[in-house]
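Secondary and tertiary structure notes
Below, each chain spelled out in residue letters.
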Amino acid sequence: MIFFDKLFVTTLLALSCISDVMVNSSSAGNAAIIRKNSEISSPAFLRKAALTRNEQLPLSIIGGSDTATMSKSTGLPESVKLIFGAGGIYAAFLYYGSLQEDVFRFVGADGTSFKQAWFLQVLEAFANVIVGGLGLYLTGMTKNMPLKMFAISGASQVSAKAFTSLALANGLSFPVATLAKSGKMVPVMVGSLLLGGASYSVREYLQVAAIIGGTAIVSMGKKKGSAGNSVLGVAFIVLSLVMDGVVGGFQKKLKAETAAVGVKPKPYDFMFWTNMFMCLTAIVISFGLGEFTSGFAYLTANPEIMSKIAKFSVCSAAGQSFIFYTIANFDPLVCTTVTTTRKIFSVLLSIFLKGHVLSLQGWGGIALAVCGILAEMQNKLAGKVKAH
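Residues numbered from 1 in each chain as written. Predicted model: local features only at pLDDT ≥ 70, side-chain atom pairs only at ≥ 80, totals over all residues. Heavy atoms only, no water.

1. Side note on the packing of aromatic side chains
In this description, a pair of aromatic rings is defined by centroid distance and the angle of the planes. Let me state the cut-off plainly: Stacked, tilted and edge-to-face are the three classes assigned to paired rings of Phe, Tyr and Trp, where Trp is represented by its six-membered ring and a pair needs centres within 6.5 Å; plane angles under 30 degrees give stacked, over 60 edge-to-face, the rest tilted. Strands are runs of DSSP state E lasting at least two residues, helices are runs of H or I lasting at least four, and both sets are numbered from the N terminus onward. The classification of residues rests on relative accessible area computed with a 1.4 Å probe and restricted to protein chains. Under 20% of the type maximum is buried, over 50% is exposed, and intermediate values are partly exposed.
For the structure on display, the rule yields 16 aromatic pairs. When the ring of F84 is compared with that of Y325, the centres are 4.9 Å apart and the planes differ by 80°; the resulting orientation is edge-to-face. Of the two residues, F84 is situated in helix α4 (residues 78-105) and Y325 in helix α13 (residues 306-329); the sequence distance between them amounts to 241 residues. Owing to a relative accessible area of 22%, F84 belongs among the partly exposed residues under this scheme. A relative accessible area of 1% places Y325 in the buried class. With centroids separated by 6.0 Å and ring planes inclined at 65°, the aromatic side chains of Y90 and F345 adopt a geometry described as edge-to-face. One end of the pair, Y90, is in helix α4; the other, F345, is in helix α14 (residues 332-353), and 255 residues separate them in sequence.

2. Comments concerning empty space enclosed by the protein
We count it as follows: Here a cavity is any set of points on a 1 Å grid over the protein atoms alone where a 1.4 Å probe fits but cannot get out, and a pocket is any open set with protein on both sides within 12 Å along at least 5 of 7 lines; a residue lines the site when it has an atom within 4 Å of a point. Grid points are joined across faces, edges and corners, and a volume is the space filled by probe spheres set on the points. Think of it as three bins: nonpolar holds Ala, Val, Leu, Ile, Met, Phe, Trp, Tyr, Cys and Pro, charged holds Asp, Glu, Lys and Arg, and polar takes everything else, Gly as well.
Evaluated as defined, the whole model comprises four cavities of 30 Å³ or more. For the largest cavity, the calculated volume is near 60 Å³. Residue lining of the largest cavity: 10 residues in total, with L94, S98, S346, L349 and S350 positioned closest to the centre. Of all elements in the fold, only α4 and α14 reach the threshold of two or more residues within the lining of the largest cavity. Of all the elements, α4 adds the most residues to the lining of the largest cavity, at four residues. The class makeup of the residues in the lining of the largest cavity is four nonpolar, four polar and two charged.

Just distances and angles here, no functional claims.
Okay, structure coming up:
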């Protein structure tokens, strides 16, 4: 865990630099004006300066494919920007995955484990609300946002995340859960086929089949004596995938509504409002299920888990900020490539560092699922090249 602790420190330092990079990004002319302005330290001035530098760039929001605006920074070499952005995504989300697994494998002094998935979502979403709010403070908040659709989208997203956490809390191994979540295309394809009359190529069907088949093989490919995957855990990950499909549909409607009312949300508009409604939804459900009080009581009784949950929440917010930074400076498919390969490394790190023992069959499943994931990524990249 020393390795991951160093990654966490790096993530925090990098996160503190993101706002500086984004706020101070400008042309040479703007830089000269700013240097001459005696009120440069004023927050109002910073917000105004940031607003005047925004360029329209595509942004794939986590869990969907919406667009937003992002200020494109200049000055640093492209290679440095890529290392900074991609490195931040890897550092934040690799540690995020490791911490998520640690939280649900944690066993208290009394032999109990942490099961309050909705309470965990409250804390994670709250951390994102704070970072999103700081981003809005610097870049300015977009007016006339369709908050109703943000509320529906946020409720759907937090449900998908909570079901993933519940899958882990109920015995599904982290490698299986991560591989399964890489098959988000499955509910999208099913919904499009049943409701939208869409058609897909043979290759796309094979890619999805490889991910599903590989995940199934991994779930059955553990060596004797190692912990298995519970039926309830599998059920929750299936529900999470279903909610991913729902999220995609609602986010398309959100995109259409923002266009209809003539607003162009910036990245931190999405981050703040989506996570605000995610947090509110999680609060209501956690109180309804009694998880808020029981979760707080569990943290009080087991303070050693608090640092894991705190780091987990910070890494979530940091990871989203790094994604925004990367998309602001590069094509969105660059970010897709980074996040896709990150999932593969998360699976491998979990296997090697968390004591998962796979049979030869299990490793065959890993290879099959990874081939499906990489084929899907390559297909997207090829499509982008053809589009140009």
